[in-house]
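An overview of the molecular structure
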Amino acid sequence: MGSKLPIGTFVYASAPARIDLAGGWTDTIPITHEHGGKVVNVAVQVNNRAPYTVKARRTEALILSLSYDPNIPSQHFHSIEQIRDHADPLVPGALLKACLVESGILGITAMRHDGDHKTMAEALKHSGGGLDLEIRSSLPVGSGMGTSSILIAAILAVLKTLMGTPYTNDDLFYETLDVEQMMNIGGGWQDQVGGIMPGFKVSTCELDLPIQLKTNTIEVPEEFITTFNSRLLLIYTGKTRLAKNLLQTVLMNWAGQEPDVVDTMHRLVADATQCEDALRQGDLKTMGTVLTRYFADKRYLSETTLSHPPIIAHLLSYLSPYLEGFSLAGAGGGGFLAAILKPGLEKDHVVREVREAMALDRKGEEEEVVDGDSMWGWSATVDRQGLVVQVGSPCY
């Protein structure tokens, strides 16, 4: 056990987003321990910065202050009961509340009445002072890039640092899963792995319980990273979705054990191995082929199409001739499209050509078309740091 930080000392954290490249859904409970899982993903900065930040400090005033939106004043909480609605992911601040419970910083557990006899001031005094906690994301809600899980991991790391509690990356992997179960959003393990660790990595989970993860960095040459960055497109569809909704469909399909569903899970794991091998060999063509097949498998499992959202089919009718491969990030159904350009193409030229063509011949309803920087004003590059936690001065 380390020492608690002095009152007023800020702890800062920053973390990248992640783009899943192969194997998603095989990391999801219970699929991951009933079938076995394997996922390849890459940590990315978006618009040249880590998109997720957290900061926190202890205060003399025995007040719990939570801030999750720069456009909304910080919320102050005066009773333990006020944080007990963390099980509803649609409640404002639910994610922060669940992290407070998981971390133990208030001296309570997820059991409904544990510690509820205390006032918030009593709980805070016992734990070392009031608490200011702030989180920020520069990405739209429902981006598909691991926001909730990565923020949970970053919040837990900051709270543990405040408390002087040592932790490992593995601790954050598993405790993030705990928080997601506490919030009734289910989910898997690939998002937090993708944002905690830098660069390209492959993660596996063998059959059976308890879940045991094994994660390895995929070492690639510097020139490959430069090439990957130059050929990676990130395009926002303008459509948000809650991953929990798609998760329910996938889990129902898995529970039915239809042969086609089981075969798809087998293929997802096999394709993760093929993607890993392609990355080690610097083979973006094969990686792109796997990425496109991965997107098709995600659509099959979640019972979505290229018309979810409608802009995707419209966009790909212009963009696909330029692409080696593509997929909606994360569960799908909205958020960001990640795409790999064919070799020899200049990214800005392709974007300009596609934007002009779409503007001349729009299909579908007007509200289904996203304009300007909200769609095209994004870039992603491989992140080299992963989760960074720093005491006393900002790391972002």
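Treat the numbers as computed from the prediction; the structure is a model and nothing was measured.

1. Section: the overall build of the chain
Counting secondary structure elements, the chain contains 13 helices and 14 strands. Here the contacts in the chain between residues at least 6 apart in sequence split such that 77% fall between residues at least 24 apart. Entry remark: accessible area of the chain is about 16,300 Å², with carbon and sulfur atoms responsible for 52%. A distance of 4 Å separates the average location of the 33 positive side-chain charges in the chain from that of its 47 negative side-chain charges.

2. Re helix H3 (residues 120–127)
Residues spaced three or four apart along an α-helix point in a common direction, a consequence of the helix completing one turn every 3.6 residues. Among the residues making up H3, those that are buried are Met120, Ala123, Leu124 and Ser127. Burial along H3 is one-sided: seen end-on, the buried residues are contained in an arc of 95°. Facing away from the buried side of H3, by more than 90 degrees, are the exposed residues Lys125 and His126. Its buried side turned inward, H3 meets strand E4 (52–59), strand E5 (64–67), strand E6 (75–77) and strand E7 (130–137). Among the residues trailing H3, glycine 128 stands out with phi positive, at a value near 120°.

3. What to know about the packing of aromatic side chains
Considering all chains together, one arrives at nine aromatic pairs under this definition. Ring geometry for tyrosine 236 and phenylalanine 336: centres 5.1 Å apart, planes at 45°, overall tilted. One end of the pair, tyrosine 236, is in strand E10 (residues 232–236); the other, phenylalanine 336, is in strand E12 (residues 336–341), with 100 residues separating them in the sequence. Judged by its relative accessible area of 9%, tyrosine 236 falls in the buried class. One aromatic cluster is present, built from ring pairs that chain together Phe10, Tyr12 and Tyr396. The ring of phenylalanine 10 carries lysine 55 above its face, with NZ or CZ at 5.1 Å from the centroid. Seen from the ring of phenylalanine 295, arginine 299 lies directly overhead, with NZ or CZ sitting 4.4 Å from the centre.

4. Remarks on the UniProt feature "domain: GHMP kinase N-terminal" (unreviewed entry) in the chain
Per the UniProt annotation, the sites labelled "domain: GHMP kinase N-terminal" (unreviewed entry) are residues 120–194. In residues 120–194, the share of helix is 59% and the share of strand is 11%. The end C-alpha atoms are 35 Å apart.

5. As for the state of the cysteines
If you walk through the whole model with that rule in mind, you get zero disulfides. Free cysteine cysteine 275: the closest other cysteine sulfur is in cysteine 205, separated by 19 Å.

6. Re the sheet that holds E5
An order of E6-E5-E7-E4-E1-E14 is seen for the six strands of this open sheet, with the pairing classed as mixed. Bordering the open sheet on either side are E6 and strand E14 (388–391), each of which pairs with just one other strand. The average undirected angle you get between the axes of adjacent strands in this sheet is 15°. Where helix H4 (residues 147–163) meets the sheet, it contacts strand E1 (11–15), E4, E7 and E14, and its direction lies at approximately 30° from that of E4.

7. Observations concerning the environment of glutamate 60
Structurally, the position occupied by glutamate 60 is in the loop between E4 and E5. Taking relative accessible area as the criterion, glutamate 60 reaches 66% and is therefore assigned exposed. Spatially, the C-alpha atom of glutamate 60 lies 7.8 Å from that of glycine 8, the residues being 52 residues apart in sequence.

Rules used throughout
- Residues numbered from 1 in each chain as written.
- Predicted model: local features only at pLDDT ≥ 70, side-chain atom pairs only at ≥ 80, totals over all residues.
- Heavy atoms only, no water.
- Helix = DSSP H or I, 4+ residues; strand = E, 2+ residues; numbered from the N terminus.
- Contact = heavy atoms within 4.5 Å.
- Areas by Shrake-Rupley, 256 points an atom, 1.4 Å probe, with all protein chains shown as cover.
- Lys, Arg positive; Asp, Glu negative; His and termini not counted.
- Charge placed at Lys NZ, Arg CZ, Asp CG, Glu CD.
- Buried < 20%, exposed > 50% of the residue type's maximum accessible area, 1.4 Å probe, protein only.
- Arc of directions from axis to C-beta.
- Phe/Tyr/Trp six-rings, centres within 6.5 Å; stacked < 30°, edge-to-face > 60°.
- Lys NZ or Arg CZ within 6 Å of the ring centre and 35° of its normal.
- UniProt positions renumbered as here; feature names shortened; annotations may be inferred.
- Disulfide = S-S within 2.5 Å.
- Pairing = 2+ DSSP bridges.
- Axes fitted to C-alpha atoms, helices over the stretch in contact; angles between N-to-C directions.

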